[in-house]
Every structure is written in C-alpha cells, then in structure tokens.
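Single-letter residue listing:
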Amino acid sequence: MRMLAIVSLGCAAMLGVEVHDVRAAQRGPHYVVGWLPVSPAPVRSDGEFHYVYEIQFTSYFPVAQRLESIEVRAGGDEGVVLASYAGDDLIANMIKPGVREPDPETLNLLEPGGSVVVFFMTSSPTSAPLPTSLVHEVTFQRTGAQVGAPPGVLEMVVEVQPQSETVAIGAPLRGGPWLVANGLSNTSGHRRTPLPQDGRPDFAQRYAIDYIMPAGRLGELFEGDEPANESYYAWDQEIIAVADGVITAVAGGMIDNPVVGQVTDQVQISLDNAGGNTLIQDIGDGRYASYAHIKRGSIRVKVGDRVRRGQVLGLVGNSGNSTGPHLHFHVGDRSDHVLRTEGLAYVHHHFEWIGTCEPDEDVVELACELDRSEMRFGEMPKRNDVVIFPERDP
C-alpha cells in the first residue's frame, strides 16, 4: 500500500527508490525534487470527493528560489482547476521540516538543499467523473542577483488511486452524538503532524479522528465535576471493531490521566506510548485499524484473537497523550504501532449527520448548529461534524 513517489532531474534508479505515480515536465529551470509518501485516494464527504496528500519539495539549485504558486487541475482533456495556492494561502498550507516556528516571510524560500512540505486537500463534485490524476503546476522564482529571470515551472502529474483503495468499514463506536475532532480537513493538528521514524516521515494521522461525545443536542461534553473523567459522557463508552479481522497489537496497563485537561506527570509521554492503551486490528488487504486512549483495564481482546465487526474491544478512556476522554481512530499500513504507520483512506458504511459543533481552544465549550439530520452512506465525517452511529453495527 505504501508508495514513494518522486520526480527529479536526476536518475531515480541511482537513489534506490521506486519511481511511482508521478510524472514531470520541465518548462523552465527549477532543479527541484518533489515526492509524496502516498498517492491520494478519493474520500467521499458531504457531497464531494476529497484528495488528501502532501508533497515535499527540495531544491538542488545553488541559488535560493521562492515557491510562488501551485495550481491543481484534474487530469484529462478539460483540466478543471480544483485548487490554487498562492500568497498567504500557500504559506498557510506549508511547513519547513524541522523548523518549529518558521518566519512566514521566508517560509516559501527554498535555499540550496532546503525543503518545504505543502499540504493538499483538493475536492471534486460527486456528480463529475473521478479524476485519474491531479496535475500540479508549480511556479518558482529565483532570488538575489537572478531576480527577474524567467520563473521555473514544474508540472507534476500525481495519479489518483481508484476508489476501491478507500476501504469501507463500520463504526468504531455506538450511538452518540459524537463530535468529530481533528477529522477530515487540511488544517487540524492531526493533519499537520509528520512523524519521521524508521527512515520515513510518516503521516499516520492523515485521516485520523478524535471522537468526543457531547450530550444530547446541546453540545455539552460533561456533567458535574469538570476535572473528573467520570463526568464526561464519552467515558466508559464501548469501542467496537470496525470490521472482521485479527488483533495484531495490544498495549495496555497505562493509567488514565486522572485530571481532565492535564497529561499526568506519573508517565513520561513518548512516541511509543502517546496513544496510551491501544489496539491494532488487521482488517485485510494491508490495512490496520488503530484504536487509542482506551481505558485502563478495559481491553477485552489479546494478540491473535479473531474478532467480528461490532464486537466490543474495550472502553473509551483518557490514557496517553490525552487531555480528556475520547477515542482516537485511524487506519494505517502497519500492524505493530499506531503512530509508526502511514495513514490510509477509509469511509464508514453509514451514519446520521446532525450538524456541526465548533469547540473552543480548550475543547470545553461548543458552538453548535444542530438543526438538521441526514443519513450519510459511504462517507467520512469532516472535522467538527456531529454524527450518530447505529446502535447495532452491523
């Protein structure tokens, strides 16, 4: 499932990597390498197909260049423009690897040997044919003594995976309503967290969702004593298997953070235990469902167990790098660790969409619009959606 796609002016075979899913046409001198870890697969949500991916650009030119703009078109004869990035919008969708607080004035500046990562979430209507590729026209402008030189234009053609690569699964929870925090978007904390490890920069949380339960339709997360886990409606809710499959990893025994809003100082959080008590389930075809922040002592399965869709796996908790009871869920390409994986596309068979809630900075108060109800089929909910899952699944 994992694909390293690169485009450059050199010989990829000399680098020992597989050239995959990308083509390039140089229309001006740029000497830039672009690569993406996984080609996008279509994810249906709210009447559109969304393509979520990232491209890292690295300059091999001895003079600094600015990445000025990127236009994304659907592949094919018509070439409909799906997205355009320039100016502040481009800066807002870019990071520099290893730089925690980059200067916005220089963020798009590619020094010799420098790199930037650009995040994409492009969309097309479900009424139109699915594009088989996305064409990127990337414009660079030289700086310094070469200001005024013709811009370099790199055309990158990125293949879109067929819709069959987006796995359809059941719900990881029952009932609701559930608030979709850090869900499908291009701006969430999950989306912007690459994790370099084992020689590759994993985007494990590309499609990850934090499910938090607001009570009724009022958007309240808890009742009673706010700092207590037991006050939160999500606490102790049953986590269920999203598909038939085999449990490949279990990490249990980690205490739940006793005070909501604080990660306990009794445990030193690292990449290895950030998910707290976790489960990973093989759901077939090289895909693995990850469930994280499970309540201590509630896990009901062990490695090697074969489980059925809808079977209870454990209870929602507040363990690991968590500041309140919730379930973290995503699908990845590795079987042994929730964060050492590449996030893969998925949709749920069905759920009821009832509106949206915008959490405040501390995820305590919610501004909600819950005045409609729609059944959604074969979709992934978006960030800040509020959904109700079937009480029985399947």
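Structural data are supplied above this passage.
Before going into details, it helps to say that this report is about the structure given with it.

The rules behind the values
- Residue positions are counted from 1 within each chain, in the order its sequence is given.
- The predicted origin of the model limits local features to residues at a pLDDT of at least 70 and limits the giving and counting of side-chain atom pairs to 80 or more, whereas totals for whole chains, interfaces and linings rest on all residues.
- Only hydrogens and water are set aside; all other atoms, that is, all heavy atoms of the structure, feed into the side-chain values.
- Numbered from the N terminus, helices here are DSSP runs of H or I no shorter than four residues, and strands are runs of E no shorter than two.
- Residue contacts are counted whenever heavy atoms from the two residues lie within 4.5 Å of one another.
- Salt bridge criterion: a side-chain nitrogen from Lys or Arg within 4 Å of a carboxyl oxygen from Asp or Glu.
- Two aromatic rings from Phe, Tyr or Trp, using only the six-membered ring of Trp, form a pair when their centres are within 6.5 Å; if the ring planes differ by under 30 degrees the pair is stacked, by over 60 it is edge-to-face, and anything between is tilted.
- Only protein chains enter the area calculation, which uses a 1.4 Å probe; residues under 20% of their type maximum are buried, those over 50% are exposed, and those in between are partly exposed.
- DSSP-based pairing: two strands are paired if at least 2 bridges between them are found.
- Here a polar contact is taken to be a pair of N or O atoms separated by no more than 3.5 Å, where protein atoms must pair a possible hydrogen donor with a possible acceptor and residues adjacent in sequence count only if both atoms sit in side chains.
- In plain words, nonpolar cores are sets of buried Ala, Val, Leu, Ile, Met, Phe, Trp, Tyr and Cys residues tied together by side-chain atoms within 4.5 Å.
- Note on disulfides: each one is a pair of cysteine sulfur atoms within 2.5 Å.

What follows deals with the environment of tyrosine 232. Along the polypeptide, tyrosine 232 turns up in the loop between strand 17 (209–212) and strand 18 (238–240). Separated by 12 residues in the primary sequence, tyrosine 232 and glutamate 220 place their C-alpha atoms 9.1 Å from one another. Not counting residues up to four positions away in its chain, the partners in contact with tyrosine 232 are Leu221, Phe222, Glu226, Val260 and Pro325.

Moving on, we get to the pattern of salt bridges. Taken as a whole and assessed by the stated rule, the structure comprises 19 salt bridges. Residue arginine 44 is joined to glutamate 379 by a salt bridge in which the shortest nitrogen-to-oxygen separation is 3.9 Å. In this pair, arginine 44 is assigned in strand 4 (residues 43–45) and glutamate 379 in strand 27 (residues 374–379), connecting sequence segments 335 residues apart. Residues joined by salt bridges that share partners form a network here, namely Arg44, Asp46, Arg372, Glu374, Arg376 and Glu379.

Summed over the entire model, instances satisfying the criterion amount to 10 aromatic pairs. Measuring from centroid to centroid gives 5.3 Å for tyrosine 85 and phenylalanine 120, while their planes differ by 80°, and the two rings are edge-to-face. Taken together, the residues tyrosine 85 in strand 7 (residues 81–86) and phenylalanine 120 in strand 10 (residues 115–125) connect sequence positions 35 residues apart. Given the relative accessible area of 0%, phenylalanine 120 is considered buried. Between phenylalanine 329 and tyrosine 346 the ring centres are 5.5 Å apart and the planes differ by 90°, which places this aromatic pair in the edge-to-face class. Residue phenylalanine 329 is located in strand 24 (residues 327–332), and its partner tyrosine 346 is located in strand 25 (residues 346–359); the two are separated by 17 residues in the primary sequence.

A regular strand carries its side chains on alternate faces of the sheet. A two-sided burial pattern is seen for strand 17, the buried positions comprising Ile209 and Tyr211 on one face and Asp210 and Ile212 on the other. Relative to strand 17, strand 14 (residues 175–181) runs antiparallel, the two sharing 3 bridges. Counterpart to valine 180 in the pairing with strand 17 is tyrosine 211. Sheet analysis places strand 17 next to strand 24, joined by 3 bridges and oriented antiparallel. Looking at the pairing, aspartate 210 lines up with histidine 328 of strand 24.

To continue, consider the environment of threonine 126. Considering the arrangement of structural elements, one finds threonine 126 in the loop between strand 10 and strand 11 (133–142). Exposure remark for threonine 126: the relative accessible area of 27% places this residue in the partly exposed category. Taking the C-alpha atoms as reference, threonine 126 lies 6.0 Å from phenylalanine 49; in sequence the two are 77 residues apart. For threonine 126, the contacting residues outside a window of four places in its chain are Arg44, Gly47, Glu48 and Phe49. Here glycine 47 takes part through its backbone oxygen, which lies 3.3 Å from a polar atom of the side chain of threonine 126.

What follows concerns the nonpolar core. Among the nonpolar cores identified, the biggest contains 42 residues, and Tyr291, Phe329 and Tyr346 are the most heavily contacted of them. For this core, the elements supplying multiple residues, two or more each, are strand 13 (167–169), strand 14, strand 17, strand 20 (277–284), strand 21 (287–294), strand 24, strand 25 and strand 28 (385–389). Core analysis: the next-biggest nonpolar cluster, separate from the first, contains 27 residues, Tyr85, Leu90, Val138 and Val158 among them.

Here we take up the side chain of threonine 278. Counting through the fold element by element, threonine 278 comes out in strand 20. The class for threonine 278 is buried, based on a relative accessible area of 10%.

Counting across every chain of the model gives 1 disulfide. Put simply, cysteine 357 and cysteine 368 are joined by a disulfide, and their sulfur atoms are 2.0 Å apart. Disulfide cysteine 357-cysteine 368: the torsion about the S-S bond is 110°, which places it as right-handed. With cysteine 357 in strand 25 and cysteine 368 in strand 26 (residues 366–369), this pair connects stretches of sequence that are 11 residues apart. The class for cysteine 357 is buried, based on a relative accessible area of 1%.

Take the pairing of strand 14 next. Within strand 14, 6 of the 7 residues are buried, which leaves it mostly tucked inside the rest of the structure. Relative to strand 28, strand 14 runs antiparallel, the two sharing 3 bridges. Along strand 28, the bridge assignment pairs glycine 175 with phenylalanine 389.

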